Amino acid sequence: MGAFWHPFADMGDVESAGEFVLSRGEGVWVFDENDRRYLDATAGLWFANVGHGRRELAEAAADQLRTLAAYSSFGDMAVRTTIDAAERVASLAPMPNAKVFFTSGGSDSVDSAAKLVRRYWHELGAPERTVLISRTNAYHGMHVAGTALAGIPGNRADYGELMADTAVVDRDSVDELRATIERIGPGRVAAFFCEPVIGAGGVYPPAEGYLTAARQVCREYGVLFVADEVVTGFGRIGGDWFASTRFHLEPDLITCAKGITSGYLPLGAVIAAEHVAEPFFRPGAGVWWRHGYTYSGHPAACAVALRNLDLLEREQLLAESKRLESSLAKQLGRLTEHNLVAEVRAGVGAVAAVQLTEPALAPQLVKALRKQAVTTRAVGAGGIQVSPAFVMSDDEVRLLADGIWAALTDLR
Ligand code: PLP
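Remember, predicted model here, so these are calculated numbers, not experimental data.

### Comments concerning the site of the ligand
Inference 1: Looking at the ligand, there are 15 residues lining it, with Gly 105, Gly 106, Ser 107, Gly 141 and Val 230 nearest.
Inference 2: Broken down by element, the shell around the ligand gets its largest block of residues, three residues, from helix H5 (residues 106-123).
Inference 3: Looking at side-chain class alone, the shell around the ligand contains seven nonpolar, six polar and two charged residues.

### Topic: the packing of helix H3 (residues 55-68) against helix H12 (residues 299-314)
Inference 1: With their axes 8 Å apart at the nearest point, H3 and H12 run at an angle of 150 degrees to one another. Relative to H12, H3 is oriented roughly antiparallel. The two elements H3 and H12 meet at a crossing, and its hand is right-handed. Residues Glu 56, Leu 57, Ala 60, Ala 61, Asp 63, Gln 64, Leu 65 and Leu 68 of H3 lie in contact with H12, whose contacting residues are Pro 299, Ala 300, Ala 303, Val 304, Arg 307, Asn 308 and Leu 311.
Inference 2: The residue makeup of the contact of H3 with H12, split by class, is 10 nonpolar, two polar and three charged.

### Let's talk about the sheet that holds strand E13 (residues 374-375)
Inference 1: Across the sheet, four strands lie side by side as E1-E2-E3-E13; this open sheet has mixed pairing. Two strands in the sheet have a free side with no partner beyond their single neighbour: strand E1 (22-26) and E13.
Inference 2: Examined bridge by bridge, E1 and strand E2 (residues 29-32) share four bridges and lie antiparallel to one another. Looking at E2, one finds that Leu 22 is bridged to Asp 32.
Inference 3: Taken strand by strand, helix H15 (residues 394-411) contacts strand E3 (37-40) and E13, and its axis lies near 105 degrees from that of E3.

### Quick notes on the domain arrangement of the protein chain
Inference 1: Each assigned domain of the protein chain is listed with its residue range as follows: domain 1 (11-53 + 316-411) and domain 2 (57-314).
Inference 2: For domain 1 versus domain 2, the separation of C-alpha centres amounts to 27 Å.
Inference 3: Tallying the contact residues gives 26 residues for domain 1 and 26 residues for domain 2.
Inference 4: At the level of secondary structure, the elements contributing two or more residues to the side of domain 1 that touches domain 2 comprise helix H2 (43-46), helix H13 (317-333), strand E12 (352-356) and strand E15 (383-386).
Inference 5: It is H13 that contributes the most residues to the side of domain 1 that touches domain 2, six residues altogether.
Inference 6: Split into classes, the residues belonging to the side of domain 1 that touches domain 2 amount to 15 nonpolar, eight polar and three charged.

### Observations regarding the environment of Val 351
Inference 1: Counting through the fold element by element, Val 351 comes out in the loop between strand E11 (341-345) and E12.
Inference 2: Distance in space between the C-alpha atoms of Val 351 and Gly 383 is 13 Å, their sequence separation being 32 residues.
Inference 3: Excluding its chain neighbours within four sequence positions, the residues that come into contact with Val 351 are Val 197, Gly 199, Val 203, Arg 236 and Ser 387.

### A short note on the packing of H13 against H15
Two measures define how a pair of helices packs: the angle their axes make with one another and the distance between the axes.
Inference 1: Packing of H13 against H15 leaves a shortest axis separation of 9 Å and a crossing angle of 30 degrees. Comparing their axes, H15 and H13 come out roughly parallel. H15 is crossed by H13, and the crossing has right-handed handedness. Each of Ser 327, Leu 328, Gln 331 and Leu 332 in H13 lies in contact with H15, whose residues at this interface are Asp 394, Val 397, Arg 398 and Ala 401.
Inference 2: Class assignment for the residues of the contact of H13 with H15 results in four nonpolar, two polar and two charged.

### Quick word on H5
Residues three or four positions apart in an α-helix share a direction because the helix packs 3.6 residues into each turn.
Inference 1: Its 18 residues give H5 an end-to-end C-alpha distance of 25 Å, which sits within 8% of 26 Å, the value for a rise of 1.5 Å per residue.
Inference 2: For H5, a buried count of 13 out of 18 residues is recorded, marking the element as mostly surrounded by other parts of the structure.
Inference 3: Taken from the residues just after H5, Gly 125 is the one with a positive phi, measuring 80 degrees.

### Some points on the environment of Gly 202
Inference 1: Its location among the elements puts Gly 202 in the loop between strand E7 (189-194) and helix H9 (210-221).
Inference 2: The class of Gly 202 is buried, set by 20 C-beta atoms lying within 10 Å.
Inference 3: Separated by 177 residues in sequence, Gly 202 and Val 379 have C-alpha atoms that sit 5.1 Å apart.
Inference 4: Contact partners of Gly 202, with chain neighbours within four places excluded, come to Asn 137, Ala 353, Val 379, Gly 380, Ala 381 and Gly 383.

### Describing the sheet that holds strand E9 (residues 253-256)
Inference 1: Pairing within the open sheet is mixed, and its seven strands lie in the order E4-E10-E9-E8-E7-E5-E6. At either margin of the open sheet sits one strand with a lone partner, and together these are strand E4 (99-103) and strand E6 (166-169). With strand direction ignored, the average angle separating the axes of adjacent strands in the sheet is 20 degrees.
Inference 2: Two elements, strand E8 (residues 224-228) and E9, share three bridges in a ladder whose sense is parallel. In the strand pairing of E9, Val 226 is matched with Leu 253.
Inference 3: Seen against the sheet, helix H8 (residues 174-184) touches strand E5 (131-135), E6 and E7 and runs at an angle of roughly 155 degrees to E6.

Rules used throughout
All chains use their own residue numbering, which begins from 1 and follows the written sequence. For a predicted model such as this one, the threshold for reporting local features is a pLDDT of at least 70, and the threshold for listing and counting side-chain atom pairs is 80 or more; totals across whole chains, interfaces and linings nevertheless cover every residue. For each residue, a C-beta position is placed from the backbone atoms; the residue is near a molecule or strand when that point lies within 6 Å of it. Segments assigned H or I by DSSP are reported as helices when at least four residues long, segments assigned E as strands when at least two residues long, and all are numbered from the N terminus. All amino acids are sorted into three groups, where Ala, Val, Leu, Ile, Met, Phe, Trp, Tyr, Cys and Pro are nonpolar, Asp, Glu, Lys and Arg are charged, and the leftover types, Gly among them, are polar. Interaxial angles span 0 to 180 degrees and are taken between N-to-C directions of axes, which are lines fitted to C-alpha atoms, for helices over the stretch in contact. Each angle receives one of four descriptions, namely roughly parallel if under 35 degrees, roughly antiparallel if over 145, roughly perpendicular if within 65 to 115, and oblique otherwise. Note: crossing handedness is left-handed where the near helix turns anticlockwise from the far helix by less than a right angle, and right-handed where it turns clockwise. We call two residues in contact when their backbone-placed C-beta atoms lie within 7 Å. The rule for pairing is simple: two strands pair if DSSP sees at least two bridges between them. Boundaries of every domain are those given by an automatic assignment or by a domain database. What a helix is expected to span follows from its residue count: subtract one and scale by 1.5 Å. Here a residue counts as buried when 20 or more other C-beta atoms fall within 10 Å of its C-beta, as exposed when 12 or fewer do, and as partly exposed in between; the C-beta atoms come from the backbone.

Structure below.
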């Protein structure tokens with residue numbers, strides 16, 4: 001028995017079937033310990049947007065580690081790299097004069113935002129605004145607030161009460177959002193957490209007009225709109241840095257992580273619109289947010305973020321992500337002709353899911369795909385995830401679709 005306890009794993013199965021151990025990566029390919037190569041359909045966990053094996057990201061980290069690996073950003077301290085990274089992220093965000101609070105990953109970002117919205121309302125004299133609303137199929141990370149907000153029932157089950165004052169509404173229903181705010185009382189609702197394109201819950205692009213209408217309802221009731229862009233940020237939704245830009249959301253807060261460093265080092269952020277940050281930035285007011293992490297703004301992670309954002313810009317990878325939007329829709333679309341495929345959800349950014357007619361087969365399909373030299377994972381209820389690096393060529397997308405077809409045929 002090995003010591004490593006895998007996240008999100010049935011360890012009994014892993015113990016009996018063995019681990020799948022990777023040793024290196026290059027572009028859209030990863031290699032196992034026997035140097036067999038696999039097409040990486042998911043860019044790791046939706047993060048390796050620039051692809052694997054980028055030496056210049058390793059060098060950015062190494063340069064910072066050699067200079068000053070880390071210190072503290074509490075109080076008035078910071079390393080210049082951290083300040084530069086915050087400026088850079090703020091300049092890309094679709095909110096003017098945004099403030100950037102760094103975390104160590106997506107779950108940190110969501111729980112930080114969950115605390116921040118409550119503190120915000122407290123500072124505004126409305127401490128009774130504590131309720132957080134999320135959507136069915138939502139995934140908001142695995143800390144306490146994020147787990148409480150989960151719209152995937154299995155992810156919140158069996159812990160007892162995690163956090164008071166949360167509510168889940170249907171992912172496509174603006175009417176239910178409005179009715180829920182009315183039922184709870186608009187004066188009690190702090191924020192609505194919303195993935196512009198639902199990711200881990202199954203890759204669900206928003207229903208036509210949903211995001212604009214939901215944003216409007218929040219505005220009407222003074223409910224803060226938190227765009228959880230942990231997956232969708234930094235170009236994943238094709239052409240724009242954030243899905244919030246594409247869908248004209250003007251969010252009050254954005255939570256992000258993953259693509260900020262392309263996953264080369266752990267980093268996340270909460271991006272706050274100017275009006276949300278304002279109560280905490282007033283000179284002489286004596287208001288401060290008693291919140292933060294040892295590794296908030298870790299300089300090596302920030303150095304990687306800066307270089308990663310340079311890379312995305314220099315190689316125009318947001319345009320490549322846009323190209324993948326139609327390439328995935330076209331190539332994966334033909335899988336609907338297979339009798340095991342119920343639907344393919346694609347067409348909004350470099351994300352897609354292939355939904356099976358028999359949901360229980362998804363884990364087997366993942367295994368069958370490994371035989372076809374493709375790595376992916378099950379997502380939602382009975383789908384498999386496709387979210388490649390933006391450098392995946394159209395030929396490689398075709399190869400991926402062919403691999404999925406062959407693996408499906410292997411199952412039957
Ligand atoms: N929010 C969303 C939308 C996510 O997809 C994820 C992770 O997949 C998280 C939050 C949590 O991020 P992390 O796993 O980095 O803690």
